[in-house]
Amino acid sequence: MSRPSATTSRKVSNRKVDRVESDSKDPRWAKIFVNGVTRAVARLPRESLTELRIQDGMSWTATVAKRVEQFTTRREAREYSMGMLARSTQNGTTIARRLERRGFDSSVVHETIALLKADGWLNDDTHAEVRADSVGRSRPGMSEDFLAQSLEWEGVDSARAQREARRVTGNPESKKRALALARKAIRERGRRNALAIAASLLRKGIESAIIEDALRKEGFEFDE
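Structure report, in brief. (Residues numbered from 1 in each chain as written. Predicted model: local features only at pLDDT ≥ 70, side-chain atom pairs only at ≥ 80, totals over all residues. Heavy atoms only, no water.)

## A look at the environment of Trp121
Heads up, the condition is: Every helix listed is a DSSP run of H or I at least four residues long, and every strand listed is a run of E at least two residues long, numbered separately from the N terminus.
Summarising the element assignment, Trp121 is placed in the loop between α4 (106-118) and α5 (124-138). Separated by 69 residues in the primary sequence, Trp121 and Leu52 place their C-alpha atoms 25 Å from one another.

In structure tokens, the structure reads:
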């Protein structure tokens, strides 16, 4: 998602607002022009003009310009965050990391996350649950520790990651699917490669007990 083309200038100050006119490309936006400057000093959503107290003839001071700039920055941060949420579930940590990488100040990042949570757009418990279920479905039979670590890598805090990993890995159906996949892999690769496959499954986070069970059911003694 590209950042909105909202621009402000604090270099232009101590002038009067000459006019506020609709953007010809999108009438929902307004351009602010000041005396003696050809280009617009700001481009804002029309509904924000009242909130920011922008009107013809007012003084365009450094204070006003800063207020407008702060508004547009916060708006950009929220729009970018909402774009992330529209694509997939997120938590506060992942959004904060992305905002910081895009150069937003920490104060803007913290305010954005707080408002998204207050408005109900962010729920870290729901995100942890959804992600744990998704990873569990795509990689059945993962050990509790491996799944918890995977969630933490995604930005889920340790307590939630461990709680959800415990819930998902205790699912009997997940263990059954993992056992079937492990047995299939052993059969398809042949007896000579069985132990190598077992080691590969272990590296992928499959519970060792499931791998041992698969080996036994395919005719291997565990001490092989």
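What follows picks up the thread again.
## Overview of the packing of helix α2 (residues 62-87) against α4
Packed helix pairs are specified by the crossing angle of their axes together with the interaxial distance, meaning the distance between the axes. Selection rule: To define axes, lines are fitted to C-alpha atoms, for helices over the stretch in contact only, and angles between the resulting N-to-C directions are given on a 0 to 180 degree scale. Angular relationships are summarised with four words: roughly parallel below 35 degrees, roughly antiparallel beyond 145, roughly perpendicular across 65 to 115, and oblique for the angles in between. Handedness of each helix crossing follows the sense of rotation of the near helix against the far helix: counterclockwise by less than a right angle gives left-handed, clockwise gives right-handed. Contact definition: two residues touch when any of their heavy atoms are within 4.5 Å. Basically, the charged four are Asp, Glu, Lys and Arg, the nonpolar ten are Ala, Val, Leu, Ile, Met, Phe, Trp, Tyr, Cys and Pro, and anything else, Gly included, counts as polar.
Contact pair α2 / α4: the axes reach a minimum separation of 10 Å and the direction vectors enclose 55°. Here α4 runs oblique to α2, going by the angle between their axes. For the pair α2 and α4, the sense of crossing is right-handed. Residues Thr73, Arg74, Ala77, Arg78, Ser81, Met82 and Leu85 of α2 lie in contact with α4, whose contacting residues are Val108, Glu111, Thr112, Leu115 and Leu116. When grouped by side-chain class, the residues that make up the contact of α2 with α4 number six nonpolar, three polar and three charged.

## As for the pattern of salt bridges
Threshold: A pair is scored as a salt bridge if a Lys or Arg side-chain nitrogen falls within 4 Å of a carboxyl oxygen belonging to Asp or Glu. Only protein chains enter the area calculation, which uses a 1.4 Å probe; residues under 20% of their type maximum are buried, those over 50% are exposed, and those in between are partly exposed.
Applying the stated criterion across every chain, the model contains 16 salt bridges. With a closest N to O distance of 2.9 Å, Asp26 and Arg28 form a salt bridge. A relative accessible area of 15% means that Asp26 is categorised as buried. Note that Arg163 is salt-bridged to Glu164, the shortest N-O span being 3.2 Å. Under the relative-accessibility criterion, Arg163 is labelled partly exposed at 36%. Judged by its relative accessible area of 5%, Glu164 falls in the buried class. Salt bridges sharing common partners tie together Asp125, Asp133, Asp157, Arg160, Arg163, Glu164 and Arg167.

## Re the packing of aromatic side chains
Put simply, the rule reads: Pairing of aromatic rings covers Phe, Tyr and Trp, the last counted by its six-membered ring, and requires centre-to-centre distances within 6.5 Å; plane angles under 30 degrees mean stacked, over 60 mean edge-to-face, and any other angle means tilted. Whether a charge sits over a ring depends on NZ of Lys or CZ of Arg being within 6 Å of the ring centre and within 35 degrees of the ring normal.
The final tally for this structure, using the stated rule, is zero aromatic pairs. The lysine or arginine in question, Arg19, covers the ring of Phe33, its NZ or CZ lying 3.9 Å from the ring centre. Above the face of the Trp29 ring, Arg43 is positioned so that its terminal group lies 4.2 Å from the ring centre.

## Observations regarding the side chain of Asp26
As a reminder, the rule being used: Whenever a nitrogen or oxygen atom comes within 3.5 Å of another N or O atom, the pair is scored as a polar contact, on the condition that within protein one atom can donate a hydrogen and the other can accept it, and that pairs from neighbouring residues in sequence are kept only if both atoms are in side chains.
Relative to the elements of secondary structure, Asp26 occurs in strand β2 (residues 26-34). Engagement of the side chain of Asp26 in a polar contact is seen with the side chain of Arg28, the distance being 2.9 Å.

## Description of the packing of helix α6 (residues 144-153) against helix α7 (residues 158-169)
The geometry of α6 relative to α7 is characterised by a closest axis approach of 8 Å and an angle of 140° between their N-to-C directions. When the interaxial angle is binned, α6 and α7 end up oblique. As α6 runs across α7, the sense of the crossing is right-handed. Residues Glu144, Leu147, Ala148, Leu151 and Glu152 of α6 lie in contact with α7, whose contacting residues are Ser158, Ala161, Gln162, Glu164, Ala165, Arg166, Val168 and Thr169. A breakdown of the residues in the contact of α6 with α7 according to their chemical character gives six nonpolar, three polar and four charged.

## Comments concerning the nonpolar core
Across soluble globular proteins, you tend to see nonpolar side chains buried next to one another. As a reminder, the rule being used: To form a nonpolar core, buried Ala, Val, Leu, Ile, Met, Phe, Trp, Tyr and Cys residues must be joined to one another through side-chain atoms within 4.5 Å.
By size, the foremost hydrophobic cluster in this structure holds 16 residues, and its most contacted members are Ile32, Leu44, Ile54, Trp60 and Val68. For this core, the elements supplying multiple residues, two or more each, are β2, β3 (42-45) and α2. Among the elements that make up this core, the one with the highest residue count is α2 (four residues).

## Brief notes about the sheet that holds strand β4 (residues 59-60)
The following threshold applies: Any two strands are treated as partners once DSSP identifies two or more bridges connecting them.
In space, the four strands of this open sheet follow the order β3-β2-β1-β4, with antiparallel pairing throughout. With partners counted over all chains shown, the strands left at the sheet margins are β3 and β4, one partner each. Pairing between strand β1 (residues 15-23) and β2: six bridges, direction antiparallel. Bridge pairing in β2 links Val20 to Ile32.

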